[in-house]
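Structure at a glance
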Amino acid sequence: MNLNPLLTSAIAPQGRFLPIASLLIASLLSTAAISSASAQDMSSPTGLTAAQQVAFVQEHRGQFGGGDQLRRFFFGDLEPISVQPGGAGMVVNLYNKATDTTFAYCATFDVVVAVGTGRVMAFPDGDVR
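Cut-offs applied
Residues numbered from 1 in each chain as written. Predicted model: local features only at pLDDT ≥ 70, side-chain atom pairs only at ≥ 80, totals over all residues. Heavy atoms only, no water. Helix = DSSP H or I, 4+ residues; strand = E, 2+ residues; numbered from the N terminus. Buried < 20%, exposed > 50% of the residue type's maximum accessible area, 1.4 Å probe, protein only. Contact = heavy atoms within 4.5 Å. Areas by Shrake-Rupley, 256 points an atom, 1.4 Å probe, with all protein chains shown as cover. Pairing = 2+ DSSP bridges. Axes fitted to C-alpha atoms, helices over the stretch in contact; angles between N-to-C directions. Parallel < 35°, antiparallel > 145°, perpendicular 65-115°, else oblique. Nonpolar A, V, L, I, M, F, W, Y, C, P; charged D, E, K, R; others polar.

1. What to know about the overall build of the chain
If you tally the helices and strands in the chain, you get 5 helices and 4 strands. Starting at the N terminus, the α and β elements of the chain follow one another as α-α-α-α-β-β-β-β-α. Counting the 129 residues in the chain, one finds 29% classified as buried. In the chain, the share of contacts with a sequence separation of at least 24, taken over all contacts with a separation of at least 6, comes to 39%. On the chain, roughly 8600 Å² of surface is accessible, and the fraction owed to carbon and sulfur atoms is 63%.

2. Here's the deal with the sheet that holds strand 2 (residues 89-96)
Taken together, the 4 strands give an open sheet; going across it, the order is 1-2-3-4, and neighbouring strands pair in antiparallel fashion. The sheet terminates laterally at strand 1 (78-86) and strand 4 (111-117), the two strands that pair on one side only. The mean inter-strand angle of the sheet, taken between neighbouring strand axes irrespective of direction, is 25°. With respect to the sheet, helix 3 (residues 50-59) is in contact with strand 3 (101-106) and strand 4, its orientation differing from that of strand 4 by roughly 130°.

3. Notes on the environment of Thr46
In this structure, Thr46 sits in the loop between helix 2 (17-41) and helix 3. We classify Thr46 as partly exposed; its relative accessible area is 32%. Residues Thr46 and Phe73, 27 residues apart in the sequence, show an inter-C-alpha distance of 7.8 Å. Beyond its immediate sequence surroundings of up to four residues, Thr46 is in contact with Gln53 and Phe73.

4. Re the environment of Asp127
Position of Asp127 relative to the elements: it lies in helix 5 (residues 125-128). Measuring from C-alpha to C-alpha, the distance between Asp127 and Gly86 comes to 8.6 Å, with 41 residues separating the pair along the chain. With residues up to four places along the chain from it excluded, the contact list for Asp127 reads Val113 and Ala114.

5. Points about the packing of helix 3 against helix 4 (residues 66-73)
Here helix 3 crosses helix 4 at 170°, and the two axes come no closer than 10 Å. When the axis of helix 3 is compared with that of helix 4, the two are roughly antiparallel. Seen from helix 3, the contacting residues are Gln53, Phe56 and Val57; seen from helix 4, they are Gln69, Leu70 and Phe73. For the contact of helix 3 with helix 4, the class distribution of residues is 4 nonpolar, 2 polar and no charged.

Put into structure tokens, the structure is as follows:
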């Protein structure tokens, strides 16, 4: 099959290129619209609501791997607000604005040692030890 006549007619200055370009642009725009809609639908791959995620982390606090759950549920949404003695030395208090929750995280053992509502700068000593 000789593609030369097709290519020549597609780029010819007689106005035949415009419908092809329009078709290509329309297909690209529709693909972008589908991709953005899919990203919005997959906002929580776990299938849990934010409140259920917080409850799950709180239920499993003090257990190894709790930090993995914290990172999986709130990836990119945790802001370190303070450091305090506890855990295996020091714990970092991480605040999540979306759920208005603070998590005390011990990086040595990768565990969440305390969970509190609001912006908690320091948990009671008994909660983080």
